[in-house]
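# Overview (structure and organization)
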Amino acid sequence: MGMDSPAPGPELLGTRLRHLLDLLEAGVASIYDDLGLQGYRPRFTPVVRVLAAHGPRSIRDLATATGVTHSAASQTVAQMAKHGLVTVVPGEDARRRIVRLTPRAERLLPALEVEWEATAAAAAELEAELSAPLSLIVDETLRALRRRPMRQRIAAAMPDPRPVGKD
C-alpha cells in the first residue's frame with residue numbers, strides 16, 4: 001500500500017488480522033529460538049500452560065480450556081507429540097484421549113515461565129500504545145460473532161444471495 005493510499009477499511013479486516021497474528025507469532029517464535037527451543041511454537045503455549053497447571057487432560061477439556069475447537073486442539077496436540085512435548089494415551093472411554101506433558105516438556109517449564117511473563121509484559125506495553133486494548137476488542141468481537149456469525153451478516157448485506165449460475 002502506497003503512502004498516499006487511504007487506510008484500509010473493514011473490507012480488508014481478515015487480511016490485516018492474519019498479518020497482525022503473523023507479526024505477533026513471529027516475534028514470540030524468535031524468542032523461543034533465542035532460548036534454544038527450536039520447534040516450539042506459540043500455539044503450544046496455551047496447552048502447555050493448562051497441562052502444567054492442572055495435570056493430564058482430555059483433548060476436549062484442552063479445547064474448552066484454551067478456547068479452540070476440538071479439531072484445532074487435536075491438531076496442536078499431534079504437533080506437540082511429534083516434538084516430544086506430550087504423550088497421548090486412551091482414556092477410560094476409548095473415544096477419549098488423555099494428554100500429558102513429557103519429562104522433556106516439564107524440564108522446559110522454567111524457561112517457558114520466564115518467557116510467558118516477559119510476553120505478558122510486552123503485550124501490556126503494546127496495548128498501552130493503542131487507542132483501546134486489543135485484548136478487549138478481540139473479546140468484544142468474539143462475543144459479537146457468537147451472537148451473530150459473519151455468514152449471517154454477509155448474507156443480510158447481499159441483495160440476492162442465490163448461487164451464481166443457478167436460475
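Residue numbers run consecutively from 1 along every chain, following the written order of its sequence. Local features in this predicted model are restricted to residues whose pLDDT is 70 or higher, and side-chain atom pairs enter the listing and the counts only when it is 80 or higher, whereas totals over whole chains, interfaces and linings include all residues. To obtain the side-chain values, all non-hydrogen atoms of the structure were included, while hydrogens and water were left out.

As annotated in an unreviewed UniProt entry, the protein carries the name MarR family transcriptional regulator and comes from Planobispora siamensis.

Residues of helix α3 (residues 59-66) that are buried: Ile59, Leu62 and Ala63. The buried residues of α3 occupy one face: seen down the axis, they fall within an arc of 100°. Exposed residues on α3 whose side chains face more than 90 degrees from its buried face are Arg60, Thr64 and Ala65. The classification of residues rests on relative accessible area computed with a 1.4 Å probe and restricted to protein chains. Under 20% of the type maximum is buried, over 50% is exposed, and intermediate values are partly exposed. Only DSSP runs of H or I reaching four residues or more are called helices, and only runs of E reaching two or more are called strands; each is numbered from the N terminus. Starting at the helix axis, one direction is taken to each C-beta atom, and the arc is that of these directions.

Here we take up a positive patch on the surface. Among the surface-exposed residues, Arg143, Arg146, Arg147, Arg148 and Arg153 lie close enough to one another that they form a single positively charged patch. Per-element tally for the positive patch: the top contributor is helix α6 (residues 134-147), with three residues. Residue position: Arg153 is located in helix α7 (residues 150-157). Residues enter patches when their relative accessible area tops 30% and they take part in no salt bridge; the joining distance is 9 Å for like charges and 5 Å for the nonpolar side chains Val, Leu, Ile, Met, Phe, Trp and Tyr. All accessibility values rest on the Shrake-Rupley procedure with a 1.4 Å probe; residue burial counts only the protein chains present in the view. Whenever a carboxyl oxygen of Asp or Glu lies within 4 Å of a side-chain nitrogen of Lys or Arg, that contact is scored as a salt bridge. Under this rule, positive means Lys or Arg and negative means Asp or Glu; His and the chain ends count for nothing. By convention, the point assigned to a charge is CZ for Arg, NZ for Lys, CD for Glu and CG for Asp.

Attention now moves to the layout of surface pockets. Any residue with an atom within 4 Å of a point lines the site, the site being either a cavity, points on a 1 Å grid over the protein atoms alone where a 1.4 Å probe fits but cannot get out, or a pocket, an open set with protein on both sides within 12 Å along at least 5 of 7 lines. Grid points are joined across faces, edges and corners, and a volume is the space filled by probe spheres set on the points. Of the volumes computed, that of the largest pocket is approximately 1,900 Å³. Taken together, 44 residues form the lining of the largest pocket, with Leu21, Leu24, Glu25, Leu134 and Val138 sitting closest to its centre. Secondary structure elements with two or more residues in the lining of the largest pocket: α1 (13-34), α2 (45-54), α4 (70-82), α5 (103-128) and α6. Considering each element in turn, the lining of the largest pocket owes the most residues, 12 residues, to α1.

Quick look at the packing of aromatic side chains now. For Phe, Tyr and Trp, rings pair up if their centres lie within 6.5 Å, where Trp contributes its six-membered ring, and each pair is then called stacked (planes under 30 degrees apart), edge-to-face (over 60) or tilted (otherwise). By the definition in use, this model includes two aromatic pairs. Relative to Phe44, the ring of Tyr40 has its centre 5.5 Å away and its plane inclined at 85°; by these criteria the two rings are edge-to-face. By relative accessible area, Tyr40 is classed as buried at 5%. Looking at Phe44, the relative accessible area reads 0%, which means it is buried. Here the aromatic cluster, defined as three or more aromatic residues joined through ring pairs, consists of Tyr32, Tyr40 and Phe44.

Our focus in this paragraph is the side chain of Ser58. For Ser58, the location among the structural elements is in strand β1 (residues 57-58). Note on Ser58: relative accessible area 2%, which makes it buried. As used in this structure description, the phrase polar contact means that two N or O atoms lie within 3.5 Å; if the pair is within protein, one of them must be able to donate a hydrogen and the other to accept it, and residues adjacent in sequence are counted only when both atoms belong to side chains. In terms of polar contacts, Ser58 uses its side chain to reach the backbone amide nitrogen of Asp61, at 3.0 Å. With sequence-adjacent residues up to four places away left out, Ser58 is seen in contact with Arg96, Arg97 and Ile98. Working rule for contacts: check all heavy atoms of both residues, and any pair within 4.5 Å makes them a contact.

UniProt positions are given in the numbering used here, feature names are shortened, and annotations may be inferred rather than shown by experiment. Mapped onto this numbering, the UniProt entry annotates "domain: HTH marR-type" (unreviewed entry) at residues 30-135. Strand forms 11% of residues 30-135 and helix 60%; the C-alpha atoms that close the span are 22 Å apart.

Turning next to the pairing of strand β2 (residues 86-90). As paired elements, β2 and strand β3 (residues 97-101) share five bridges and run antiparallel to each other. Each bridged residue has a counterpart across the sheet, and for Thr87 the counterpart in β3 is Arg100. Connecting β2 to the antiparallel partner β3 that follows it, the hairpin turn spans six residues. Whether two strands pair depends on DSSP finding at least two bridges between them.

This paragraph deals with α1. In this model, α1 (22 residues) spans 32 Å end to end at C-alpha, consistent with the 32 Å of a helix rising 1.5 Å per residue. One or two residues past the end of α1 sits Gly36, with phi positive at roughly 80°. Given a helix with a known number of residues, its expected span is that number minus one, times 1.5 Å.

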